[in-house]
Structure formats: C-alpha cells, structure tokens
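Now for the letters of each chain:
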Amino acid sequence: MSIEIENLTYTYMKKTPYEKDALKNVNLKIEEGSFVAIAGHTGSGKSTLMQHLNGLISPCSGTVKVDGVDINRGGKEKIKARHSVGMVFQYPETQLFEETVYADIAFGPKNFGLEPDAVDKRVKKAMSFVGLDYEQYRDASPFALSGGQMRRVAIAGIVALEPAYLVLDEPTAGLDPKAKHDLLENIRALYRKGNTTIIMVSHNMDDIIGLAGRIIVLHDGCVAADGMPQDIFKKNDILQAAGLRAPHLTQLLRQINEQAFPVRSDCLNKSDA
Ligand code: ADP
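Just so you know, these numbers come straight off a predicted model, no measurement behind them.

Let us look at the sheet that holds strand β5 (residues 69-70). Pairing is antiparallel across the open sheet formed by 4 strands, whose spatial order is β2-β1-β4-β5. Every interior strand has two partners, whereas the edge strands, β2 (20-31) and β5, have only one. Relative to strand β4 (residues 61-66), strand β1 (residues 2-12) runs antiparallel, the two being bridged by 5 bridges. Each residue of the ladder has a partner; that of E6, found in β4, is T63.

Here is the structure:
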C-alpha cells in the first residue's frame, strides 16, 4: 500500500501571462506506515502537491495513485481511495463551525453514515489522540478554547475519519512554543499507534526533526532532495537554495541517537537509496 506520484506536472493559469509551473515532473512513492516531511520555501509547490493527494486538484499531466487506484480516473473506487487521505489544511481551526467540540469532531463520521455508537467511539478516540479530555471538553464551544486547543479539535475532526494517510499542512503555524510542542507530541503519539501514515508539510526543520523518517525537499516545483533526515541535513547547498536551515548539530545528533522512526529503505527513491 502506498501513494504513488508519477510524472506529476501542474501549471496554474495556463495560457495566460501569469502561467506558473508549480510542479514539474514530480515522482514520489510514499509507503504506508512512513512518516514523511515535505519541506521547502514558500512557493516551492508544497500546497499544490498536497492538494493532489486527495484529488482536490488534478494533474495537468501525470498520475496520483492511492493504494494502486488512480484517484483522477474511474468511479466509486476513485472516491474510496480519495477518502483514505485525510487533509488538515493550514489554520484548520478557521473551519470549525459547530456549537460543541463533540459536534464538530462528530460531523465527518456522521456524514460517512456511521451509527451514533460508532461516532461516539470515533470522537472519544480522536480526542484522546489530540490530547483533549473527553468529559472536560465535549460540550465546550470550540470558540471558547485557546488557539492550540482549537487546532486540536480541528485535527481531531479529520483523525476521527480514520484516514490511512494523514496530510498535515504546517500544523504548528502560529502556535505558541508550548502548544506547538504539545501538538507535535500528539502527532508523534498518533504515528506510534501505527495505523496512520503521516505526511507533514513544513518549512520548519525544527518541527521535522525527531518525527519524520524521510524528508522530501521541494524547490521550484521539483524534488530537490529526498532521503533520511541525517543525510538531508548534510546537503547544505540544497537546504540553502530551498530557504531551509539545518537544525542545530546537537539537536540533530540527539535525533539520530533517539531515531524513533528509522526510514525503510523501500521508502526512498531508488536514486537516493
Ligand atoms: P508552497 O505551498 O510551497 O508555498 P504553492 O504550492 O502554494 O507553494 O505554490 C507554488 C507556486 O504556484 C507559487 O509560485 C505560487 O505563487 C503559485 N500558485 C499557487 N497557487 C496559485 C493560484 N491559485 N494561482 C496562481 N498561481 C498559484
């Protein structure tokens, strides 16, 4: 099982003076069970790539396959494959709308037609994953919570759908250091449970360190580097070109020593293996 991207090219505003090639012949395979970070400067194509993973936008050329199914062709199978990819966009709390935390997290599972008991279980589980106490917060208004807690509710709403692949776009953007740390710990715990493949978009190497087993660096719509963190962090020229800063050496050494999620060799592009 994997997400396979082949020769993916995407151009915005084609045949206008504003035409922009956002992705240029991208080839990637993301194996089930991996924790992959997608890093790169603003404008490098991260969001465009991410939006291809569940069919929000379709390639100008090339294919995106989820568990072998081309998500831009065919019928029911295509929809099912798209649903196995959960998307958490930047500042997801702006999309909260229900009166209670419970109702907001339950919205997706209910829409998928789950029975109330099953919805209940999903909400409890998702809240525990994001570190929100069920009894304490279930009836709270999401709008009465702190920024970090609102972010957790929004993420729980996607986690409750139990996607096989969870894509998080800059999940810590705008959070204070404590909320940021706590959220990254929650993401780590969710990954450790073992049922979710995580693809985390970030331009912050400090967020990625200690979490991702593989880093894909995008630069100007191309894959500039793809490999294990300790190898990527050595590629100073690529990091610099992509506007990324290598983490502090001691932090890197700690991460390598404690490496919780060694990358599987079959997760790497052949050229990097
Ligand atoms: P990132 O997420 O890495 O910041 P994006 O995928 O948002 O990068 O953008 C890649 C390139 O595509 C950028 O040059 C950006 O200006 C351009 N772009 C993104 N969205 C649009 C759009 N809706 N219309 C035109 N150009 C866009």
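Across the 6 residues that make up strand β9 (residues 214-219), a large majority, 5, are buried. One ladder, built from 5 bridges, connects strand β3 (residues 35-40) with β9; its direction is parallel. Residue A39 lies in a different strand from β9, and its bridge partner there is V217. In terms of strand pairing, β9 meets strand β10 (residues 222-227) through 5 bridges, oriented antiparallel. Bridging from a neighbouring strand, H219 pairs with C222 of β10. Hairpin connection from β9 to β10: 2 residues lie between these consecutive antiparallel strands, with D220 at a positive phi of about 50°.

Rules and cut-offs
Residues numbered from 1 in each chain as written. Predicted model: local features only at pLDDT ≥ 70, side-chain atom pairs only at ≥ 80, totals over all residues. Heavy atoms only, no water. Pairing = 2+ DSSP bridges. Helix = DSSP H or I, 4+ residues; strand = E, 2+ residues; numbered from the N terminus. Buried < 20%, exposed > 50% of the residue type's maximum accessible area, 1.4 Å probe, protein only.

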